[in-house]
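What the coordinates show
Single-letter residue listing:
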Amino acid sequence: MEIFVTNDDGVLARGLRVLAEVAAEFGRVTVVAPEVERSGVSHAITLSEPLRLREVGPGLGLERTDIQWYALSGTPADCVFIGLHHVLGRKPDLVLSGVNRGPNLGYDVLYSGTVGGAMEGVIQGVPAVAFSLVCTGAYPFDAMRPHLRAVLAEVAARGLPEQTLLNVNLPSPDLAPFRGFKVTRIGRRYYSNDIVVRTDPRGGEYLWIGGTRVTMEDDPESDCGAVKAGWVSLTPLAPDVMAGDALAGLRRFEALAPVEAPARAGRIRAL
Ligand code: MN
């Protein structure tokens with residue numbers, strides 16, 4: 001198998017290295033990952049800046065010479081696009097993203113650069129899997145190798161449905177004892193709306209989106225509840241985001257005719 005790997009935590013992230021090494025048991029691996037952390041960039045692509053691609057290797061502690069490693073000054077979706085069309089020059093058999101440092105549960109999947117990278121793989125016509133590690137303490141990436149291996153073996157043996165990415169959240173043993181693998185729906189997960197306001201060393205105010213306090217549902221049929229209970233959660237995601245159920249009810253808009261803007265009293269005249 002030809003396997004392409006990216007992430008959003010950056011090319012030096014431990015989770016990326018573990019995923020690339022496990023993937024190398026299944027085939028030839030090429031890694032193109034953001035040169036710095038790009039968590040939370042979703043499926044963004046870079047259109048207004050140059051992208052710099054650098055081959056990295058043993059000098060950065062990436063001792064495996066059988067894996068090709070590149071750093072790109074872009075997003076995870078940029079990495080997949082450049083990786084497939086420039087570095088590889090062909091479609092791989094599989095695109096992998098992660099292992100992310102932290103969960104991608106519930107609506108996280110809309111913000112996640114890890115999922116964004118995998119989604120670009122699906123859009124390019126390649127089956128894709130996103131991996132994230134849910135944890136409360138130190139991240140035990142190495143302990144996840146058997147779980148990664150199990151999922152990759154199944155994907156290698158029987159593939160994935162067309163236009164579908166598998167969003168896999170791995171529970172750390174500190175959450176709950178490992179229960180097994182569970183196919184789930186997207187659950188409900190809410191962040192607190194905290195904004196941290198601080199002062200920088202030069203006296204300027206800066207804002208930081210906090211939102212570290214999280215509540216998430218317990219239903220084990222959902223990704224959130226499954227991971228909490230110790231299951232490896234596997235949720236199928238697709239690039240088709242249309243709200244199909246709303247189509248028929250919105251047909252009324254087709255009866256609209258253009259309406260003149262109502263005159264507003266006391267309107268300020270254009271300068
Ligand atoms: Mn991340």
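Residues numbered from 1 in each chain as written. Predicted model: local features only at pLDDT ≥ 70, side-chain atom pairs only at ≥ 80, totals over all residues. Heavy atoms only, no water.

Some details on the overall build of the protein chain
Regarding its fold elements, the protein chain presents 6 helices and 13 strands. The principal-axis extent of the C-alpha atoms belonging to the protein chain is close to 70 × 45 × 45 Å. Looking at the protein chain as a whole, 44% of its 271 residues qualify as buried. Contacts spanning at least 24 positions in sequence make up 77% of the contacts within the protein chain whose residues lie at least 6 apart. Roughly 15,000 Å² of accessible area belongs to the protein chain as shown, and the carbon and sulfur atoms make up 56% of that amount. For the protein chain, the distance from the average site of its 27 positive side-chain charges to the average site of its 31 negative ones is 3 Å. (Helix = DSSP H or I, 4+ residues; strand = E, 2+ residues; numbered from the N terminus. Buried < 20%, exposed > 50% of the residue type's maximum accessible area, 1.4 Å probe, protein only. Contact = heavy atoms within 4.5 Å. Areas by Shrake-Rupley, 256 points an atom, 1.4 Å probe, with all protein chains shown as cover. Lys, Arg positive; Asp, Glu negative; His and termini not counted. Charge placed at Lys NZ, Arg CZ, Asp CG, Glu CD.)

Details of the nonpolar core
One finds L96 and F131 to be the most contacted residues of the largest nonpolar core, which totals 37 residues. Element by element, the count of residues in this core is highest for helix α1 (residues 14–23), at 6 residues. Listed in part, the 19 residues of the second largest apolar core include C79, L88, V109 and M119. (Core = buried A, V, L, I, M, F, W, Y, C linked by side-chain atoms within 4.5 Å.)

A few points about the side chain of N167
Within the element layout of this structure, N167 appears in strand β7 (residues 165–171). If near-sequence neighbours (up to four positions away) are discounted, N167 is found in contact with N104, V109, V115, A130, S233, L234, T235 and L237.

Considering the packing of α1 against helix α5 (residues 145–158)
Packed helices, taken two at a time, are described by their axes: the angle between them and the distance between them. Where α1 meets α5, the closest approach of the two axes is 10 Å, and the angle between their N-to-C directions is 50°. The angle between α1 and α5 places the two elements in the oblique class. Of the two elements, α1 crosses α5, and the hand of that crossing is right-handed. Contacts between α1 and α5 involve R14, V18, L19, E21, V22 and A23 from the former and R145, L148, R149 and L152 from the latter. Tallied by class, the residues present in the contact of α1 with α5 amount to 6 nonpolar, no polar and 4 charged. (Axes fitted to C-alpha atoms, helices over the stretch in contact; angles between N-to-C directions. Parallel < 35°, antiparallel > 145°, perpendicular 65-115°, else oblique. Left-handed = near helix turned anticlockwise from the far one by under 90°. Nonpolar A, V, L, I, M, F, W, Y, C, P; charged D, E, K, R; others polar.)

Describing the sheet that holds strand β1 (residues 2–6)
Read from one edge of the open sheet, 9 strands run β3-β4-β2-β1-β5-β6-β7-β13-β8, paired in mixed fashion. Edge strands, defined here as strands with exactly one partner in the open sheet, are β3 (53–56) and β8 (180–183). If you compare each strand with its neighbour and ignore which way they point, the axes differ by 25° on average. In this structure, strand β6 (residues 128–134) lies alongside β7, joined through 7 bridges in parallel fashion. Within β7, the residue paired with S132 across the bridge is N169. (Pairing = 2+ DSSP bridges.)

Some details on the environment of L19
Looking at where L19 falls in the secondary structure, it is placed in helix α1. The class for L19 is buried, based on a relative accessible area of 0%. When the C-alpha atoms of L19 and M1 are compared, they prove to be 15 Å apart, with 18 residues separating the residues in sequence. Those residues in contact with L19 that lie beyond four places of it in its chain are V5, L96, S97, G98, V99, F131 and L148.

Considering the coordination of the manganese ion
Around the manganese ion, the protein supplies D8 (OD), D9 (OD), S39 (OG) and N100 (OD1) as donor atoms, at distances of 2.1 to 2.3 Å. Positions of the donor residues of the manganese ion, expressed as sequence spacing, correspond to D-D-x29-S-x60-N. Of this pair, D9 sits in the loop between β1 and α1 while S39 sits in the loop between β2 (28–34) and β3, and the two are 30 residues apart along the sequence. Judged by relative accessible area, which is 15%, D9 ranks as buried. On the accessibility criterion, S39 (35% relative accessible area) is partly exposed. (Donors = N, O, S within 2.8 Å, 3.2 Å for Na, K, Ca; no water.)

Any link to function would need more than the numbers given here.
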